[in-house]
Amino acid sequence: MQDRQFGRVRLIFGENGGKYPFNHSLYLQGDKERVVIDPASSLEKLTRLKEEGVDGVWLSHWHEDHIRYMNLFDGCPVWVSERDFPPLTHLETFLDWYGIEDQGARNYWQKEMLETFDYRPRQTARFFRDDQTLDLGGLSAQVIPTPGHTPGHLSFFFPEEGLLFLGDYDLTSFGPWYGDAYSGIADTLASIHKLKAIPARRWVAAHNTGLYEENPGPLWEAYENTIYEREGKLLAFLDRPKTLAEICAAWLIYGRPREPREMYEFNERVLIGKHLDDLLHRGKIVYEDGCWRKVESR
Ligand SMILES: [Zn+2]
């Protein structure tokens, strides 16, 4: 797709439609500083960008499909939320934050992170302050904390262009991801509500469609509704007590088994786990004798 320029903000569309393991990046051309946000769009485009001039790298969050080509800009300071920094410092911590416990899976992801994503542990980074406004010279950027997807997930608003970078609140039909060790449903909902209320004129998501030049209104509702739909299916499935294995085998989130099987089994399990925690916390279900059971409302 043809990249788009909005004043001093350029949208760099990622390979493969910005689908994992790629994303869409932003390039900020301030008079004082030129910045690339989430450098995982395209090796070719980012290499050209480097020649154009990049003074800093900003990350919306720590996920591998947002940092993939970060090392191209070695020597540039990396900015991230302090809350999302730990997984960038050690590969073991990175795997822990995904909640990967099985040793075989850890080995697989370790190799994948090193070979596909060029993971290199970092000792230092610069930390954004929540809600701060940065002046890049003729372009300002507001840092908007949007936890849930990850604890330190950040979105960015550029008031001059009325452009809101949503990061991974990506408005896809699949719905939001909140399956990591430190991700959560309540925070995800609060962040969706916060982003929806920002008076933007253009919206950029890090994956898939990427650019919305008209208010994505109904898409916000559909995106949020996927959370309630997942919960509804789970509650309906708990018409009698069920084990976690039985629940996962029903593929309530993904609808059917998908390949690579191991990865999707893991994803299904962790997302279901988040909903079980959330429902337990809200007193809608209980855990007894190794099974989850719905609490009948009176
Ligand atoms: Zn992500």
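1. Some details on the coordination of the zinc ion
Here comes step 1: Around the zinc ion, the protein contributes the donor atoms His61 (NE2), His63 (ND1), His149 (NE2) and Asp168 (OD), at 2.1 Å from the metal centre.
Here comes step 2: Classification of the site at the zinc ion rests on its four donor atoms, whose angles at the metal span 92 to 171 degrees, yielding the label irregular.
Here comes step 3: According to the relative accessible area criterion, His149 is buried, its value standing at 5%.

2. Section: the pattern of salt bridges
Here comes step 1: Taken as a whole and judged by the stated rule, the model has 22 salt bridges.
Here comes step 2: A salt bridge links Lys196 to Glu221; the shortest N-O distance between them is 2.8 Å. With Lys196 in helix H6 (residues 185-196) and Glu221 in helix H7 (residues 217-237), this residue pair connects regions lying 25 residues apart in the sequence.
Here comes step 3: According to the relative accessible area criterion, Lys196 is partly exposed, its value standing at 35%.
Here comes step 4: Classification of Glu221 by relative accessible area gives partly exposed; the value is 38%.
Here comes step 5: Connected through salt bridges with shared partners, the residues Asp74, Asp118, Arg120 and Arg122 form a single ionic network.

Rules used throughout
Residues numbered from 1 in each chain as written. Predicted model: local features only at pLDDT ≥ 70, side-chain atom pairs only at ≥ 80, totals over all residues. Heavy atoms only, no water. Donors = N, O, S within 2.8 Å, 3.2 Å for Na, K, Ca; no water. Tetrahedral: all angles 85-135°; square planar, octahedral: opposite > 155°, others 65-115°. Buried < 20%, exposed > 50% of the residue type's maximum accessible area, 1.4 Å probe, protein only. Salt bridge = Lys/Arg side-chain N within 4 Å of Asp/Glu carboxyl O. Helix = DSSP H or I, 4+ residues; strand = E, 2+ residues; numbered from the N terminus.

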